[in-house]
Amino acid sequence: MKNADEATTPLEGITVVTEPAAELLNERQQIDYRNQREQCLEWLLVFGKDPKKADGYARTTVSNRAQRMDPFYRWVWDYEDGYTTNVTHDHADAYLMWLAKQEHSNAHKDNCRKALQMLYKWREHEQGLDEWDPELSFSTGHKTTAPRDYLTREERGLIREAALEHGSVPAYKGLDAEERDRWKAYLAQRLEKPKSAVTPDDWEEVNGWKIPSLVSVSLDAGLRPIEVERAVTSWVDIENAVLRIPKEQSSKNTGHWVVGLQERTAETLDRWLEQRETDPKYDDTDAVWLTRRGNTYGSSPLRQVLRRLCDQAGIPYEDRQMSWYSIRHSTGTYMTREEDLAAAQAQLRHKSPETTMKYDQAPVEDRQNALDRMG
């Protein structure tokens, strides 16, 4: 009977709609919120730990994490001034930044972060959202927040070089018929298209400037995945070697940003923008970068790009949290060393949990010089 009871009431003993949440919602909103929560929590119980093996989390784990997800939803409702279950990656990162300021133990904050990771794991697998890679973690050994793994100075150079070699194949016109046939077979497999459909334009695409420009700009600007996704051509100022990100398009900020780039990065980006004009995928969009299938880049495809480059450069990542944020954190780490905290804050467009604006704002020229020294 116990198994039958659990099958009919899988969430027995787990609070789905808390009293604080119920007080904020009308009847229809409560029903909608309950439905969302039940779907999430039941999925975590059955699939959450390993979806491919239908291995779920323990009931006590789900119950504890559910209690920590609820305050996050209520924080979002306050932040958005209204009810929503469309909690985004930006919401989660902003919540962690807010949580960092609160008078709670780092153990509590870290458990809240883990609860959000479980929530977004469900949203990734069941609602098609990109994987969330939190920008902050909380050290349980001391009272500070700690960034995730970052690329070393040497690794930054290796990744930049690997991007220049990424996908390179011999020039189409320099191959004889037999060689061209072999490379067509390779490109057909790589581009996931019939061999007969491979054209000289495909040679241009794989030897293009998209990945070198994407990597170079991200190494300089420390772009978040959401910023790669939002990047549009109007941000780019090649002549002055900067990105100009307007307030309405910036991430986690209420002001305009001017972000310095190295001259070589600006040249690489200029070459890509020129090449981009010849690609039909970009005819109806001002997005700077699209995947081969014509989608904007999210966390998951960006992670795949980085790991392919790591493989090519011989950079191990099996025991590291290697994601696009690894690039961002390396930029912040070395910018702080080369200049100061104010320069890093300005370059990364980052609102620190601490009051960092007491430092003088570093001019763009100084940050560009620092980028040249960083490599």
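Above this text you will find the structure in question.
Residues numbered from 1 in each chain as written. Predicted model: local features only at pLDDT ≥ 70, side-chain atom pairs only at ≥ 80, totals over all residues. Heavy atoms only, no water.

Student: I would appreciate a short explanation of the overall build of the chain in the present structure.
Tutor: Broken down by element type, the chain carries 16 helices and 5 strands. When contacts within the chain are restricted to residue pairs at least 6 apart in sequence, those whose partners lie at least 24 apart make up 64%. Summed over all atoms, the accessible surface of the chain reaches about 19,200 Å², with 45% contributed by carbon and sulfur. (Helix = DSSP H or I, 4+ residues; strand = E, 2+ residues; numbered from the N terminus. Contact = heavy atoms within 4.5 Å. Areas by Shrake-Rupley, 256 points an atom, 1.4 Å probe, with all protein chains shown as cover.)

Student: Can you walk me through helix 10 (residues 210-221) in this structure?
Tutor: Residues spaced three or four apart along an α-helix point in a common direction, a consequence of the helix completing one turn every 3.6 residues. In this model, helix 10 (12 residues) spans 16 Å end to end at C-alpha, consistent with the 16 Å of a helix rising 1.5 Å per residue. Among the 12 residues of helix 10, 12 are classified as buried, and the element is accordingly described as predominantly covered. Among the residues of helix 10, those classed as buried are Lys210, Ile211, Pro212, Ser213, Leu214, Val215, Ser216, Val217, Ser218, Leu219, Asp220 and Ala221. (Expected span 1.5 Å × (residues − 1). Buried < 20%, exposed > 50% of the residue type's maximum accessible area, 1.4 Å probe, protein only.)

Student: Any chance you could explain the packing of aromatic side chains here in plain terms?
Tutor: What describes a pair of aromatic rings is the distance from one ring centre to the other and the angle between the planes of the rings. Scanning the entire structure with this criterion turns up 14 aromatic pairs. Relative to Trp98, the ring of Trp75 lies with its centre 6.3 Å away and its plane at 45°, an arrangement referred to as tilted. Linking Trp75 in helix 4 (residues 59-80) with Trp98 in helix 5 (residues 89-100), this pair joins segments that are 23 residues apart in sequence. Trp75 gets classed as buried once you look at its relative accessible area, which sits at 14%. Residue classification places Trp98 among the partly exposed positions, given a relative accessible area of 35%. The structure contains a cluster of three or more aromatic residues connected by ring pairs, namely Tyr33, Phe72, Tyr73, Trp75, Trp77, Tyr79, Tyr83, Tyr95, Trp98, Tyr120 and Trp132. (Phe/Tyr/Trp six-rings, centres within 6.5 Å; stacked < 30°, edge-to-face > 60°.)

Student: Whenever I open this one, the packing of helix 10 against helix 14 (residues 324-338) confuses me. Can you help?
Tutor: Between two packed helices, the angle of one axis relative to the other and the distance separating the axes together describe the packing. Contact geometry for helix 10 and helix 14: axes closest at 7 Å, N-to-C directions at 45°. Viewed along their axes, helix 10 and helix 14 adopt a mutual orientation that is oblique. Contacts from Leu214, Val215, Ser218, Leu219 and Asp220 in helix 10 reach Trp324, Ile327 and Thr331 in helix 14. Among the residues making up the contact of helix 10 with helix 14, the classes are represented as 5 nonpolar, 2 polar and 1 charged. (Axes fitted to C-alpha atoms, helices over the stretch in contact; angles between N-to-C directions. Parallel < 35°, antiparallel > 145°, perpendicular 65-115°, else oblique. Nonpolar A, V, L, I, M, F, W, Y, C, P; charged D, E, K, R; others polar.)

Student: How should I be thinking about the pattern of salt bridges in this particular structure?
Tutor: Once the charged atoms of two side chains with opposite charge are near each other, the side chains can pair. Counted according to the given criterion, the structure contains 16 salt bridges. Note that Asp90 is salt-bridged to Arg230, the shortest N-O span being 2.8 Å. Here Asp90, found in helix 5, pairs with Arg230, found in helix 11 (residues 225-230); they are 140 residues apart in sequence, far enough to count as distant. (Salt bridge = Lys/Arg side-chain N within 4 Å of Asp/Glu carboxyl O.)

Student: Sorry if this is basic, but what is going on with unusual backbone geometry here?
Tutor: A negative phi holds for most residues other than glycine; trans holds for most peptide bonds. Backbone geometry places Ala54, a non-glycine residue, at a positive phi of 50°. Mapping Ala54 onto the fold places it in the loop between helix 3 (27-46) and helix 4. The residue Asp81 is not glycine, and still its phi comes out positive at about 60°. By secondary structure assignment, the location of Asp81 is in the loop between helix 4 and helix 5. Residue class for Asp81 comes out exposed when judged on its relative accessible area of 72%.

Student: Explain the nonpolar core here, please?
Tutor: It is characteristic of soluble globular proteins that their nonpolar side chains tend to be buried jointly. Ranked by size, the top nonpolar core spans 40 residues in total, and within it Leu243, Leu269, Trp289 and Trp324 carry the most contacts. Considering every element that reaches this core, the biggest residue donor is helix 10, with 6 residues. If sequence neighbours within four positions are ignored, Leu243 has contacts with Val217, Ala221, Leu223, Trp235, Val236, Trp257, Val258, Val259, Leu261 and Leu269. (Core = buried A, V, L, I, M, F, W, Y, C linked by side-chain atoms within 4.5 Å.)

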